[in-house]
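Report on the structure
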Amino acid sequence: MTDATELRRRTQELLAAHPPASTDRTAFLEARFDAGLAWVHYPAGLGGLDAPRSLQAVVDAELAAAGAPDNDPRRIGIGLGMAAPTILAYGTEEQKRRFLRPLWVGQEVWCQLFSEPGAGSDLAALGTRAVRDGDTWVVNGQKVWTSSAHVARWAILIARTDPDVPKHRGITYFLCDMTDPGVEVRPLRQITGEAEFNEVFLTDVRIPDAHRLGEVGDGWKVAQTTLNNERVAIGGARIPREGGMIGTVSRTWRERPELRTHDLHQRLLDLWVDAEVARMTGERLRQQLVAGQPGPEGSGMKLAFARLNQEISGLEVELLGEEGLLYGDWTMRRPELVDFTGRDAGYRYLRSKGNSIEGGTSEVLLNIVAERVLGLPPEPRNDKDVAWKDLAR
């Protein structure tokens with residue numbers, strides 16, 4: 001079994017053969033992937049060494065100390081956190097070898113074509129159709145709230161392939177080439193002024209059957225792997241104590257004593273404790289991941305992430321008083337990533353409103369926690385055994 005000592009040895013061999021100071025960034029990342037040091041818990045030959053997931057930190061620490069480049073994980077978060085684990089779980093060997101290396105290196109950005117105007121919270125009600133035509137599928141429909149679609153090369157896509165069965169059973173999962181004819185990406189300008197999200201129109205898009213992930217009709221099961229990993233990726237990111245938004249507010253509190261009041265002090269203390277509890281819970285969740293796949297507990301972390309971001313940003317605006325009403329830049333731009341800590345308080349306050357919608361609405365996640373974690377009775381579902389085509393819309 002690969003242990004920490006062996007991983008350090010392999011990492012030093014990588015650094016000796018490809019010195020970061022004199023090696024092209026992409027070439028170094030490709031060499032790291034080929035050495036099995038990209039994600040050590042993945043199989044050998046696919047960027048890993050079949051090692052315990054917890055040992056990734058050993059590799060990361062050695063590379064950081066040597067000044068080695070990373071793969072800019074924030075920019076390619078959808079690929080790393082959602083597409084990759086789903087491809088690993090359900091992809092063919094050919095799909096794994098085709099997609100995982102350029103995904104991890106960052107040569108191909110991914111987006112997620114799941115939500116639709118009429119099927120957001122009720123994702124299984126989606127209406128985008130995929131009809132088989134020989135060895136290809138012809139896809140028509142509309143997706144919405146798609147992060148990174150304007151820069152993505154590939155997308156994970158779910159579409160309805162059988163309207164004659166109940167909504168959860170007639171869905172199939174595909175890998176969609178965003179450069180194909182018929183794929184149109186339009187910006188959605190948000191309350192922040194930016195168009196970080198997009199809507200995507202699919203008109204007679206032809207997807208090879210070789211780019212289907214999982215069996216026909218099993219798309220809902222495959223999508224659950226994506227969604228569970230998505231919620232862990234959003235709510236379970238590793239941050240240091242006083243990292244993230246609570247750190248920003250705490251620094252303002254320490255540096256601006258003239259802004260302090262007793263009430264704001266009490267609220268800051270409460271939120272600081274809540275943020276620390278969430279951080280420690282995230283550490284425990286990551287330890288659970290070492291033993292297996294993410295479960296519904298990730299929904300609880302994502303719930304906490306959304307609530308904390310919204311409450312902390314609200315406190316920051318109040319703490320700053322009149323300054324908190326200022327908004328630095330309303331320029332329409334299409335960013336590649338969200339930068340919560342690099343912008344002003346007004347941006348954080350407005351952008352955090354989306355945290356309770358993206359990655360599963362808080363209302364849906366509360367149901368998941370209630371039913372799958374706490375074991376409470378499920379909500380009545382009258383459409384469970386009704387064919388999708390017969391549902392009222």
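A brief report on the enclosed structure follows. The shown structure was predicted, so the numbers you read here are calculated from the model rather than taken from an experiment.

**With respect to the packing of aromatic side chains**
Throughout the structure, instances matching the rule amount to nine aromatic pairs. Consider the rings of Trp39 and Tyr42, whose centres lie 4.1 Å apart with planes at 20°: the pair is stacked. In this pair, the class of Trp39 matches that of Tyr42, namely buried. On the basis of an interplanar angle of 25° and a centroid distance of 6.2 Å, the ring pair of Trp110 and Trp154 is categorised as stacked. Residue Trp110 is located in strand E1 (residues 110-113), and its partner Trp154 is located in strand E4 (residues 154-160); the two are separated by 44 residues in the primary sequence. The exposure classification of Trp110 matches that of Trp154, with both residues buried. Through pairs of rings, three or more aromatic residues link up here, namely Phe99, Trp110 and Trp154. Positioned above the aromatic ring of Phe201 is the side chain of Arg186, whose terminal nitrogen or guanidinium carbon lies 4.0 Å from the ring centre. Sitting above the plane of the Tyr347 ring, Arg343 keeps its charged end 4.0 Å from the centroid.

**Concerning the environment of Asp274**
Locating Asp274 in the fold gives a position in helix H8 (residues 262-291). When near neighbours in sequence (up to four residues on either side) are disregarded, Asp274 contacts Arg307 and Leu308.

**Section: the pairing of strand E2 (residues 129-133)**
Direction of pairing for E2 relative to strand E3 (residues 136-143): antiparallel, over a ladder of five bridges. Across the sheet, residue Arg132 finds its bridge partner in E3, namely Trp137. From the end of E2 to the start of E3, which pair antiparallel, there are two residues, and Gly134 there has a positive phi angle of about 70°.

**Let's talk about the nonpolar core**
Nonpolar side chains in soluble globular proteins tend to be buried together. One finds Trp39, Trp110 and Tyr173 to be the most contacted residues of the largest nonpolar core, which totals 35 residues. Secondary-structure elements contributing two or more residues to this core are helix H2 (25-34), helix H4 (77-90), helix H5 (93-105), E4, strand E5 (171-177) and helix H6 (219-235). The leading source of residues in this core is H4, at six residues. Excluding anything up to four places from it in sequence, Trp110 contacts Ile78, Gly79, Ala83, Ile87, Phe99, Leu103, Ser148, Ala152, Trp154, Ala155, Ile156 and Leu175. By size, the runner-up hydrophobic cluster in this structure holds 18 residues, among which are Cys111, Ala130, Ala152 and Ala155.

**Focus: the environment of Thr86**
Note on placement: Thr86 falls in helix H4. Judged by relative accessible area, which is 0%, Thr86 ranks as buried. Thr86 sits 136 residues away from Val222 along the chain, and the two C-alpha atoms are 7.1 Å apart. For Thr86, the side chain forms a polar contact with the main-chain oxygen of Met82, separated by 2.7 Å.

**Describing the pairing of E1**
With burial as the criterion, each face of E1 is covered, one bearing Trp110 and Gln112 and the other bearing Cys111 and Leu113. Relative to E4, E1 runs parallel, the two sharing four bridges. Among the inter-strand pairings, Leu113 is bridged to a residue of E4, identified as Leu157.

**Some remarks on helix H7 (residues 245-255)**
The buried count for H7 comes to eight of eleven residues, which makes it a mostly enclosed element. Burial in H7 covers these residues: Met245, Ile246, Gly247, Thr248, Val249, Ser250, Thr252 and Trp253.

About the thresholds
- Residues numbered from 1 in each chain as written.
- Predicted model: local features only at pLDDT ≥ 70, side-chain atom pairs only at ≥ 80, totals over all residues.
- Heavy atoms only, no water.
- Phe/Tyr/Trp six-rings, centres within 6.5 Å; stacked < 30°, edge-to-face > 60°.
- Buried < 20%, exposed > 50% of the residue type's maximum accessible area, 1.4 Å probe, protein only.
- Helix = DSSP H or I, 4+ residues; strand = E, 2+ residues; numbered from the N terminus.
- Lys NZ or Arg CZ within 6 Å of the ring centre and 35° of its normal.
- Contact = heavy atoms within 4.5 Å.
- Pairing = 2+ DSSP bridges.
- Core = buried A, V, L, I, M, F, W, Y, C linked by side-chain atoms within 4.5 Å.
- Polar contact = N/O pair within 3.5 Å; in protein donor to acceptor, adjacent residues only side chain to side chain.

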